Amino acid sequence: MSSETATATATETEPKLSPVEGHKSESKFLRGTLAEEFADASLDHINDANKSLIKFHGSYQQEDRDARKNRGKGGVSGKAYMFMIRLKLPGGKLTPDQYLKMDELCQNYGNSTLRITTRQSFQFHGVMKENMKSLLQGINKTLLTTLGGCGDVNRNVLACPAPIPDALHKQQMDDCQKVATALTPKAAKQAYHEIWMDDEKLTNPEDDEEPLYGPTYLPRKFKIAFSMPDDNCTDILANCLGYLAITENGKPIGYNLYAGGGQGQTNSMATTYPLLAQPIGFIHFDEVVDAAEAMVKLFRDHGNRADRKRARLKYVMHDWGVEKFREVFYGEYFNHPQRPLKDAPITGLDLHLGWHSMGDGKWFLGVSVENGRIKDEGQMRLRAGLRAIVERFKVDVRLTTQQDILLCGFSTADRGAVDSMLNEYGIPREETLPMVQKWSMACPAIPTCGLAITESERSLPSVVRQLEKVLVDLGLGGEPISVRMTGCPNGCARPYQSEIGLVGRGGTKYTVYIGGDSFGRRLNTEVQDSVPIEQIAPRLAKVFTAFKAERTGNELFGSYCERIGLDRVKELFSA
Ligand code: SRM
Ligand code: SF4
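Remember, it's a predicted structure, so these values are computed and weren't measured experimentally.

J.: Would you explain the sheet that holds strand 1 (residues 59-63) in this entry?
T.: Pairing between the strands of a sheet comes from backbone hydrogen bonds, and it takes one of two forms, parallel or antiparallel. Strand order in the open sheet made by the five strands is 1-2-5-4-12, with antiparallel pairing throughout. Strand pairing shows two members of the sheet lacking a second neighbour, strand 1 and strand 12 (373-374), which therefore form its edges. Where helix 6 (residues 96-109) meets the sheet, its contacts fall on strand 4 (114-116), strand 5 (122-127) and strand 12, and the angle it forms with strand 5 comes to roughly 15°.

This is the structure in structure tokens:
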């Protein structure tokens, strides 16, 4: 059946299904003709339907946008196709051997960098079509996978990665793993192993079953995070489903559930916007998997399959309102009692950088990775240094949702040697880094992301250096001010939840948002559109100066901006 036929199956009163729905329904559980196209060495890229399907396998077909500039010159013609590959890494956990293998694979098949994502996973960039299978097989040999890294399924499930020795940290990490396993697509897993691992093929793949998702999977991506009130390091309110762990008298008792968060919006489409997840109710630990499955089913049945720009769960929440959402969730999908939320406001966010005790004489070290890119550049040989430390001490690795890395399991005696190795490889200790750098994040944007309209990962460092100077000169160098940049409004670095959000507008201009919250509790507001990059720091300097003069007590920058109001912030910013 062609996608035209698929769209024609909608009745007259129903809107036309999006073409991606056709790609899914015709795909034999996401097989399409991926195996054939990847076996054909004469092709340097894949067709549109397969482009949709390969996302479910954890990959995007991309184009090297830097190479565009040289097109037509020196005999280069056509697009320079390449692939991005994203791991599915619940809770951001890797063993030392898995980490070392990822390091080796990025050298052999990628662009010699590993990219920590804002959802505590790894991405490989610059993978050539002919290397895809070897890379995916290399990943799977270490018992990791990329299945469901992207696509219209549940994505990487987030949890606080810090190996802090208390019952709550352990509980939320265990529950994160349980939920991730329960929501793994079944038939897609079979297809994945047939295509990439050369497993035996099913005789009739059409007869396979996808019990939770159904044959056309979800209307769009679905995101889950676990977090804690005093440490919202996973930004749970940006997720479709959030579990906030609750304790009573020091004992973990369950979770407050939140639903319907998301960041993405589209320029000139007023019907799209970022939203924070809304409170649903309190659940016990034995209801965790049921809650995830129920929310996935609600989304599967009620998400918009016609307009992918409005297909996320956040629009179901927005269009219904939270009361109706709860009614449908508890009435039709979640077969457990509706209980009121526990009083547990979010009060903090820990970056987990530097040395911390894991108990029993063990330590973990949080290393700040600027914009998540693990690479060797000049004096700073971050990739080589991390590899050498993991090789020598055989420590576990965990990735954070703030694009940083935790090395876990050193003895007290190891610490001196580790510090020396950091020096040897030019890796800065966290206490020597500017606060604003530690609290900054950027998405990859150009040259890999096809949706980018400005630079991001390659531009933010210069803005951060300027902001650092301004803040230090004002005596504000120690303030935890979060600055997040993206190369388009899709919000991959969660810019709308930061105190300062810089969102690509085109060329070297950015829309500036101010007044969010470093702890992920509040959205910021647009202050000015199309600000040239070189004007960002000087304009913010005026707002920082007023903040310094007028803040009350330990008021945070975002809270100050919210208190003085948008008009005054705009006035200061544009003065
Ligand atoms: Fe994202 C699309 C990168 C987290 C919202 N995102 C993309 C694509 C795949 C571009 C594309 O569709 O062609 C980007 C690949 C760029 C590249 O070259 O690698 C991309 N997103 C990323 C990562 C790598 C950014 C990063 O700096 O780490 C993050 C990968 C996370 C992971 O490991 O799974 C990433 N993306 C996010 C987040 C943050 C989060 O989930 O906490 C968001 C906002 C939250 C949300 O989902 O609403 C996000 N990405 C989007 C959207 C907007 C979706 C929407 O509802 O409108 C798109 C566009 C789309 O899906 O069509 C997008
Ligand atoms: Fe690409 Fe936009 Fe996401 Fe940045 S925010 S990675 S430019 S889709």
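J.: When you look at the side chain of Ser518 in this model, what are you seeing that I'm missing?
T.: Mapped onto the fold, Ser518 is located in the loop between strand 20 (509-514) and strand 21 (525-532). Classification of Ser518 as buried rests on a relative accessible area of 1%. Of the polar contacts made by the side chain of Ser518, one reaches the backbone oxygen of Pro480; its length is 2.8 Å. At 2.5 Å, the side chain of Ser518 and the side chain of Glu499 are in polar contact.

J.: Whenever I open this one, the site of ligand 1 confuses me. Can you help?
T.: Inspection of the region around ligand 1 gives 29 residues, with Thr117, Gln263, Thr448, Cys492 and Arg494 positioned closest. Ala442 is positioned with one of its backbone polar atoms (N or O) 3.5 Å from an oxygen atom of ligand 1. In this structure, Thr448 approaches ligand 1 through a side-chain N or O atom, which is 2.6 Å from an oxygen atom. Within the residue set of the shell around ligand 1, elements represented by two or more residues are strand 1, strand 2 (81-86) and strand 5. Grouping the amino acids of the shell around ligand 1 by side-chain chemistry returns eight nonpolar, 13 polar and eight charged.

J.: Which parts of the structure should I look at to understand the coordination of the iron atom of ligand 1?
T.: Metal coordination angles in their ideal form are 109.5 degrees for the four-donor tetrahedron and 90 or 180 degrees for the six-donor octahedron. A lone protein donor contacts the iron atom of ligand 1, and this donor is Cys492 (SG), found at 2.3 Å. Among the structural elements, Cys492 can be located in the loop between strand 18 (483-486) and strand 19 (500-506).

J.: Which parts of the structure should I look at to understand the pairing of strand 20?
T.: Looking along a regular strand, one sees the side chains alternate between the two faces of the sheet. Most of strand 20 is tucked away, with five of its six residues classed as buried. Across six bridges, the pairing between strand 19 and strand 20 is antiparallel. By the bridge assignment, Val503 is partnered in strand 20 with Thr511. Linkage of strand 19 to strand 20, two consecutive antiparallel strands, is achieved through a turn of two residues, within which Gly507 is found at a positive phi near 60°. Relative to strand 21, strand 20 is paired through five bridges, and the arrangement is antiparallel. Bridge assignment links Ile514 to a residue of strand 21, and that residue is Thr525.

The rules behind each value
Residues numbered from 1 in each chain as written. Chains lettered and ligands numbered in written order. Predicted model: local features only at pLDDT ≥ 70, side-chain atom pairs only at ≥ 80, totals over all residues. Heavy atoms only, no water. Pairing = 2+ DSSP bridges. Helix = DSSP H or I, 4+ residues; strand = E, 2+ residues; numbered from the N terminus. Contact = heavy atoms within 4.5 Å. Axes fitted to C-alpha atoms, helices over the stretch in contact; angles between N-to-C directions. Buried < 20%, exposed > 50% of the residue type's maximum accessible area, 1.4 Å probe, protein only. Polar contact = N/O pair within 3.5 Å; in protein donor to acceptor, adjacent residues only side chain to side chain. Near = heavy atom within 4 Å. Nonpolar A, V, L, I, M, F, W, Y, C, P; charged D, E, K, R; others polar. Donors = N, O, S within 2.8 Å, 3.2 Å for Na, K, Ca; no water.

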